[in-house]
Amino acid sequence: MTLVRRAVPGDAKEVLRLRQVMIDSMAGSGSSTDWHGESLPLLRAKLAEADGGFAAFVVDHPERPGALAALVAGTVDYRIGNARDPYGAAGVVFSVATDPDARRRGYARACMEELLEWFRERGVRRVRLTSSAEAEPLYASLGFRPKPDPLLELYL
């Protein structure tokens, strides 16, 4: 049985470490960790908010006390409602990572299931994420389907 728990402020450094694992796995992402120090105080504050629109779920590493084996994080964003979703609560999964030495044990799946339940409890009807090819089978098994909509992005 995998023990998934909600991340707490004391997990912030490990959450950033696992987020960096995910970032490092993406092509052309750059591997600088200079931003961690700047990000840490706000992440700790967000992890302390029990009822905010952000949540991270983790699994403790079974062989390394104090380390995390897996991380899944997401937010609930408000969108103006529509016919299929009158409340406009949209879930966004933006960070899924498993420590390289803890992969293929079901940790990411267990964390995703907890995050999806957290979304349901908040009235979310639609969840979006961007996936690597390696992770697509996991998401497909959870019910995610590819969308043909193009994504445009602007950095300010």
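Throughout what follows, the structure given in this document is the object of discussion.

Another point: the overall build of the protein. Secondary structure assignment for the protein yields four helices and five strands. Starting at the N terminus and walking to the C terminus, you meet the elements of the protein as β-α-α-β-β-β-α-β-α. Taking 2.2 N^0.38 as the reference for a compact globule, 156 residues should give roughly 15 Å; the C-alpha atoms of the protein span a radius of gyration of 16 Å, in line with that estimate. Of all 156 residues assigned to the protein, the portion counted as buried reaches 37%. The long-range fraction of contacts in the protein, counting pairs at least 24 apart against all pairs at least 6 apart in sequence, stands at 64%. When the accessible surface of the protein is summed, it comes to about 9900 Å², and 55% of that surface belongs to carbon and sulfur atoms. If the 21 positive side-chain charges of the protein are averaged to one point and the 21 negative ones to another, these points end up 4 Å apart.

As enumerated under the stated definition, the model contains eleven salt bridges in all. Asp 99 is paired through a salt bridge with Arg 17; the nearest N and O atoms lie 2.5 Å apart. In this pair, Asp 99 sits in the loop between strand E4 (89-98) and helix H3 (107-121) while Arg 17 sits in helix H1 (residues 12-25), placing the two residues 82 residues apart along the sequence. Arg 17 gets classed as partly exposed once you look at its relative accessible area, which sits at 24%. Within the structure, one salt-bridge network assembled from shared partners comprises Glu 14, Arg 17, Arg 64, Asp 99 and Asp 101.

With that out of the way, let us pick up the layout of surface pockets. The rolling of a water-molecule-sized probe over the atoms marks out the regions of remaining empty space. Considering only enclosed or pocket space, the second largest pocket measures out at about 190 Å³ in volume. What lines the second largest pocket is Val 15, Leu 16, Arg 19, Trp 35, Ser 39, Leu 42, Leu 43, Lys 46, Phe 54, Ala 73, Phe 94 and Ser 95. Considering every element that reaches the lining of the second largest pocket, the biggest residue donor is helix H2 (residues 36-48), with four residues. Per-class residue counts for the lining of the second largest pocket are eight nonpolar, two polar and two charged.

Moving on, we come to the pairing of E4. Counting buried residues along E4, eight of its ten residues qualify, which places the element largely inside the surrounding structure. For strand E3 (residues 68-78) and E4, the ladder comprises nine bridges, and the chain directions are antiparallel. Each residue of the ladder has a partner; that of Leu 71, found in E4, is Ala 97. Bridge count for E4 against strand E5 (residues 126-129) is four bridges, and the pairing is parallel. Residue pairing for E5: Ala 90 is matched across the bridge by Arg 126. For the crossover that starts at E4, traverses H3 and ends in the parallel E5, the hand is right-handed.

The next point concerns the sheet that holds E5. Ordered in space as E1-E2-E3-E4-E5, the five strands form an open sheet in which the pairing is mixed. At either end of the open sheet lies a strand with only one pairing partner, and these are strand E1 (4-6) and E5. Each strand axis lies, on average, 25 degrees off the axis of its neighbour in the sheet, ignoring direction.

On inspection of all chains with the given rule, the structure shows three aromatic pairs. Pairing Phe 54 with Phe 94 gives two aromatic rings, centres 6.1 Å apart and planes at 25 degrees, and the pair type is stacked. Placement of Phe 54 in strand E2 (residues 54-60) and of Phe 94 in strand E4 is noted, with a sequence separation of 40 residues between them. Judged by relative accessible area, which is 12%, Phe 54 ranks as buried.

What counts, and where the lines are drawn
Residues numbered from 1 in each chain as written. Predicted model: local features only at pLDDT ≥ 70, side-chain atom pairs only at ≥ 80, totals over all residues. Heavy atoms only, no water. Helix = DSSP H or I, 4+ residues; strand = E, 2+ residues; numbered from the N terminus. Rg over C-alpha atoms; globule rule 2.2 N^0.38 Å. Buried < 20%, exposed > 50% of the residue type's maximum accessible area, 1.4 Å probe, protein only. Contact = heavy atoms within 4.5 Å. Areas by Shrake-Rupley, 256 points an atom, 1.4 Å probe, with all protein chains shown as cover. Lys, Arg positive; Asp, Glu negative; His and termini not counted. Charge placed at Lys NZ, Arg CZ, Asp CG, Glu CD. Salt bridge = Lys/Arg side-chain N within 4 Å of Asp/Glu carboxyl O. 1 Å grid on protein atoms, 1.4 Å probe; cavity = no way out; pocket = protein on both sides within 12 Å on 5 of 7 lines; lining within 4 Å. Points joined across faces, edges and corners; volume = space filled by probe spheres on them. Nonpolar A, V, L, I, M, F, W, Y, C, P; charged D, E, K, R; others polar. Pairing = 2+ DSSP bridges. Right-handed = clockwise from strand over helix to strand, strands pointing away. Axes fitted to C-alpha atoms, helices over the stretch in contact; angles between N-to-C directions. Phe/Tyr/Trp six-rings, centres within 6.5 Å; stacked < 30°, edge-to-face > 60°.

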